[in-house]
Every structure is written in C-alpha cells, then in structure tokens.
Amino acid sequence: MRTVLLFALVALLILGTGVLQSWNTALVILNMGLVSAVMSLGVNLQWGLAGLFNVGVMGFVATGGLAVVLVSMPPVPEAWSAGGARLIGALVLGMAVIAAGVAAWKRLPRGWRGWALAAILLAGFFVYRAVLDPAVGAVEDVNPAATGYLGGLGLPVLLAWPVGGLLAAGVAWVIGKTALGLRSDYLAIATLGIAEIIIAVLKNEDWLARGVKNVIGLPRPVPYEIDLQNDAAFVERAAGLGLDPTTASTLTVKLGYGLLFAAVLIVLLVLAQLALNSPWGRMMRAIRDNEEAAEAMGKDVTGRHLQVFILGSALCGLAGAMMTTLDGQLVPTTYQPLRYTFLIWVMVIVGGSGNNLGAVLGGFLIWFLWVQVEPIGQAIMGFVTAGMAEDSALRDHLLGSVQHMRLLTMGLVLLVVLRFAPRGLLPER
C-alpha cells in the first residue's frame, strides 16, 4: 500500500503540473523522469545489490550519448576520404601496442618485463601519434563549421539505444578489470577520474563527435512537429479535440517519447525484479553483506562484482542514449557531475537502495523537484521581496539566489530522508 500511495503521489504531482502549468511541462518532466529512473535503476544494481560505490555515472551516460552519434548520424564521405582509414588504422595500432605490452608483462621474466613494457609503450606512443595526428588533422579540416568529423553509420536511431548500453558495458569492463580489486573509496576515485577522462575526450576529439561544436539534428524515432502540422488529417483530429496544430503536434511528439521510454523502463524493471529474486540476486546480496563469508563458500567475489558493475553501467549507457535522442543533440559541456552523478545518487538514496521500485520512485520524485524548485523559489522570493525598494541590495541578492534553490532543496530532502527514513522511502525488503 505504501508503494502504491507514493507512486500515486508522484503521478498526482505530474498531473497537477499539467493542470496548473501546462501539459508540455508535465510531459517534459515525465519523459526525463523515465530516463532518470533508468539511470537510478542502474546505480541501484551496483550499490543496492552489490555495494559498489560508482561515482562515475556521468561517464557512462555520456558514452551512451556518444553511441547515438556513432550509430544514427550519416557518415561524412569527404572526411573518410581525407583520413578516415588512417585514423582507424591508428586506433587499431594503439590497441595493438597495449596488447603487446600486456603480453610482454605476462610472458617475460620478472627482471626484464618492466623494461620491455616501458620500451613497447614508449616506442608505440610515438608511432601511434605519428599515424594519428595527420589523420585527425585531415578529418577535422573537412568543412569544420558544419562537420569536421567522421559521422556515424546512418542506422535507425533506436538501434543506438542498445548500442549505447553495450558501449558503456565495454567501458565498464575495462574499468572493472583494473579497479574492482580496490577498496570502495579507491573504486569511487577511479570511476570519478575515468568519467572525467571520457568527458575530456568528448570535448577535445573533434573527429569523434565534433567536440564542443556539438552535434545537432540527431535523427528521431518519432515524427517531427512540422510534419504533423502539415498533415491535414492530423490537423483535423486536433481541431476535433479543441487543440491548435502547434500544441497538438508538440504533445503528440512528447507522448510518443513517453511511450517508448515507458516501454523500456517496464522491461528493465521486470528483468531487474526477476534478477533480484533469483538465486543470482540472493548470491549478490550475500556477497554485499559479507564478502569474506561468500568467498569462503567458493563464490568468485571479484567476478560477480565485475558482472553487476557491467550490468549497471549498461543501464546508465542506455539511459544516456535515450536522453540524447530526446534532446536531439550531443552537447559534451552539459555533462556535469552534479546532474549526472550526484543527483542520480540522491534518487537512489531517497527512493531506497536495494529496492528497484524505490530507485524508480526516487528517479521520478527527485527529477520533479529538480525541475519545479526553481520556479517555485522564484514565486516565493517574488512574494518575500514584494515590499522592498527596487534598488535594495537585499532584494537583488534574494532574487539572484533563486538559481541556488535547487541545491538547497536537494540537500534538505537528503537530510530529511536520512533522518526519518534512513533506508529510503521504499526500503529493501
């Protein structure tokens, strides 16, 4: 009953937004709430099920966004002709150097392998850069104002969503193989650092996704508003509902996204619940609660940690691809730890770690507050400063601090929940 009431409260908040503000705003909150719920579900798998403290969520979300560009955008033939083959060859060469270094470390005797590894990496770095740099320069010089990158595969954008999950899973495998043997605090530092590296690559490697020039006009899985407005049958149906074509087309597009996102979330939630209640889920909780006892019973603790770390990161990558598709553009500068790591953790903690439904609830509730706190704070500050002089320094300060209401509210919500419901609104059963 508590679960039903809390979800009913969230639904009432979104419906109230539609009635009191606008249905466009309500659908925006709903769609991003669905995406945030997928992200928090991924983090809940890692922390709530396995106790892995991953503060690099932002990196996996950005990796999913990159997948949309690589899969759905059309290729740029001029860029491929200028240096595409050489660039791909350089990347293969770089991976070959890493593989050679790993093989030398494993096979050579202890007294020689350090020197051999250093020699391979040093020589390989200069050869790699000698091949890569000219190719990158040639690609980025091809119409840099409009393209300046290789483009993608030109495939349907919906294919980019699972690819985003797979790409994030691959990054998680690399991180997990190197960092999961560390203690929780060192794992947190490692994931945070690698997430920042991923964002730095997206910002600076223009040949990959145009860097800070951004990729706009990404393909969409739903119709464009202008196409609906030019459809006579659609305009007639909208008029029958008492809506003008512009409003009706906007609502239709947002509803289309909402149905797609809801279908993905429902499938993931069902699978997560099945995993949670399976022998595998019970084993993961046993490892989380007592690693030494689980290892003594013959369980591969590091292997299982790697497994769940990859699964949770794949969900974050999938959510990142969904969000980039919704935005219609990839903007690397918008990936900030506050929004894509801290806020997701607040969703999991407030909703209830270890409970999949709690993670979904937290995703909706915290995102609603994140969106609505600023306009509510603007109204409150407007009321408080109504009687102050126009040139009052205090008035200007209060009105200028409205943008910080989000951070204050998130901190207060977190403190209140930790004080009165330390296990979250829907605690683990």
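These numbers were taken from a predicted model, which means no experiment stands behind them.

J.: Just checking my understanding: could you explain the packing of aromatic side chains for this structure?
T.: Two numbers describe a pair of aromatic rings. These are the distance of the centres and the angle of the planes. Counted under the stated rule, the structure contains 8 aromatic pairs. An angle of 80 degrees between the planes, with centres 5.9 Å apart, marks the rings of phenylalanine 60 and phenylalanine 309 as edge-to-face. Linking phenylalanine 60 in helix α3 (residues 57-72) with phenylalanine 309 in helix α14 (residues 301-327), this pair joins segments that are 249 residues apart in sequence. One exposure class covers both phenylalanine 60 and phenylalanine 309, and it is buried. Centroid distance tryptophan 161 to phenylalanine 261: 5.7 Å. Interplanar angle 45 degrees. Geometry classified as tilted.

J.: Teacher, can you tell me more about the environment of arginine 423 here?
T.: Note on placement: arginine 423 falls in the segment after α18 (405-420). Put simply, arginine 423 and proline 337 are 86 residues apart on the chain and 24 Å apart in space, counted from C-alpha to C-alpha. Reaching out from arginine 423, the side chain makes a polar contact with the backbone oxygen of glutamate 428 at a distance of 2.4 Å.

J.: Before we go on, may I ask you to explain a nonpolar patch on the surface in this structure?
T.: Nonpolar side chains collect at one region of the surface, where Ile266, Val267, Val270, Leu271 and Leu274 lie side by side and expose about 480 Å² of accessible area between them. Here valine 267 lies in helix α11 (residues 245-276). Of the residues examined, valine 267 reaches a relative accessible area of 48% and is grouped as partly exposed.

J.: How should I be thinking about the side chain of histidine 305 in this particular structure?
T.: With respect to the secondary-structure elements, histidine 305 resides in helix α14. Once you skip the residues sitting within four places of it in the chain, histidine 305 turns out to touch Ala50, Leu52, Leu180, Ile287 and Glu291.

J.: Just to check I follow, could you spell out a negative patch on the surface for this structure?
T.: Where like charges cluster on the molecular surface, the negative patch consists of Glu291, Glu292, Glu295 and Asp300. If you trace the backbone, glutamate 292 turns up in helix α13 (residues 291-296).

J.: Looking at this structure, I do not really get the packing of helix α1 (residues 2-20) against helix α16 (residues 356-384). What am I missing?
T.: Helix packing for two helices is described by the angle between their axes and how far apart those axes are. Running from amino to carboxyl end, α1 crosses α16 at an angle of 30 degrees, the nearest separation of the two axes being 11 Å. Accordingly, the angle class assigned to the pair α1 and α16 is roughly parallel. For the element pair α1 and α16, the recorded crossing hand is left-handed. Contact with α1, carried on its side by Thr3, Leu6, Phe7, Val10, Leu13, Ile14 and Thr17, involves Leu357, Val360, Leu361, Phe364, Leu365, Phe368 and Gln372 of α16 and no other residues of that element. A class-by-class count of the residues in the contact of α1 with α16 yields 11 nonpolar, 3 polar and no charged.

J.: How should α11 be read in this particular structure?
T.: With 32 residues, α11 extends 46 Å between its outermost C-alpha atoms, agreeing within 8% with the 46 Å of an ideal straight helix rising 1.5 Å per residue. Looking at where α11 begins, the residue whose side-chain oxygen comes 3.2 Å from the main-chain nitrogen of threonine 246 is aspartate 244.

Cut-offs applied
- Residues numbered from 1 in each chain as written.
- Predicted model: local features only at pLDDT ≥ 70, side-chain atom pairs only at ≥ 80, totals over all residues.
- Heavy atoms only, no water.
- Phe/Tyr/Trp six-rings, centres within 6.5 Å; stacked < 30°, edge-to-face > 60°.
- Helix = DSSP H or I, 4+ residues; strand = E, 2+ residues; numbered from the N terminus.
- Buried < 20%, exposed > 50% of the residue type's maximum accessible area, 1.4 Å probe, protein only.
- Polar contact = N/O pair within 3.5 Å; in protein donor to acceptor, adjacent residues only side chain to side chain.
- Patch = residues over 30% accessible without salt bridge, like charges linked within 9 Å, V, L, I, M, F, W, Y side chains within 5 Å.
- Areas by Shrake-Rupley, 256 points an atom, 1.4 Å probe, with all protein chains shown as cover.
- Salt bridge = Lys/Arg side-chain N within 4 Å of Asp/Glu carboxyl O.
- Contact = heavy atoms within 4.5 Å.
- Lys, Arg positive; Asp, Glu negative; His and termini not counted.
- Charge placed at Lys NZ, Arg CZ, Asp CG, Glu CD.
- Axes fitted to C-alpha atoms, helices over the stretch in contact; angles between N-to-C directions.
- Parallel < 35°, antiparallel > 145°, perpendicular 65-115°, else oblique.
- Left-handed = near helix turned anticlockwise from the far one by under 90°.
- Nonpolar A, V, L, I, M, F, W, Y, C, P; charged D, E, K, R; others polar.
- Expected span 1.5 Å × (residues − 1).

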